[in-house]
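Summary of the model geometry
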Amino acid sequence: MKLFIFFLSSRISLDTIVIAITGYVIVFFSLLVLNWFFKFLPDLINIKWKRAHKRLGNSFITQEKNISGEETAAIAMALHLYLSELHDEESGILTIKKTSKTYSPWSSKIYGVSNQIKKT
């Protein structure tokens, strides 16, 4: 009841509340539809393969294999070694040479300052 009185006393109108609730419902429904879509996407993709195996007389067997931690570590190490071979070996030594800068009027700021607007 206090919440209803708060809404009446504030600048929030009933139309604003309806629009907000409608927006929340649309977003929630969209997320729910996306969840269902991504949940059933593998089944939709496998329909073609199931039909092809039924035509050929093969049974379509889906096996879910759990990969152990050792196998995952071996795959990760193989990928790391392969990708590290793609780059050149560098020495890691930086050479810094100090160069003397000659005067150049192109970088001089005095020419920009001398053109001031004269007030009369």
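Located above this text is the structure these notes cover.
Here goes a summary of the coordinates provided. (Residues numbered from 1 in each chain as written. Predicted model: local features only at pLDDT ≥ 70, side-chain atom pairs only at ≥ 80, totals over all residues. Heavy atoms only, no water.)

**Here we look at the overall build of the chain**
A count of helical and extended segments in the chain gives 4 helices and 0 strands. Counting only residues that meet the buried cut, the chain has 0% of its 120 residues in that class. By element, 65% of the accessible surface of the chain is carried by carbon and sulfur atoms, the whole surface being about 13000 Å². (Helix = DSSP H or I, 4+ residues; strand = E, 2+ residues; numbered from the N terminus. Buried < 20%, exposed > 50% of the residue type's maximum accessible area, 1.4 Å probe, protein only. Areas by Shrake-Rupley, 256 points an atom, 1.4 Å probe, with all protein chains shown as cover.)

**Digging into the packing of aromatic side chains**
Two aromatic rings are characterised by how far apart their centres lie and by the angle between their planes. Scanning the entire structure with this criterion turns up 1 aromatic pair. Taking the centre distance of 5.3 Å and the plane angle of 65 degrees together, the rings of Phe37 and Phe38 count as edge-to-face. Judged by its relative accessible area of 41%, Phe37 falls in the partly exposed class. (Phe/Tyr/Trp six-rings, centres within 6.5 Å; stacked < 30°, edge-to-face > 60°.)

**With respect to helix α2 (residues 14-56)**
Since one α-helical turn is 3.6 residues long, residues separated by three or four positions face the same way. Here α2 is 43 residues long and its end C-alpha atoms lie 63 Å apart, about the 63 Å a rise of 1.5 Å per residue gives. Phe40 marks where α2 bends most, by close to 45 degrees; the proline Pro42 follows one to four residues later. (Expected span 1.5 Å × (residues − 1). Bend = angle between axes of the 7 residues up to and from the residue.)

**A word on a nonpolar patch on the surface**
Side chains of Val27, Leu31, Leu34, Phe37, Phe38, Leu44 and Ile47 sit close together on the surface and give an oily, nonpolar patch of about 670 Å² of accessible area. Residue position: Phe37 is located in helix α2. (Patch = residues over 30% accessible without salt bridge, like charges linked within 9 Å, V, L, I, M, F, W, Y side chains within 5 Å. Salt bridge = Lys/Arg side-chain N within 4 Å of Asp/Glu carboxyl O.)

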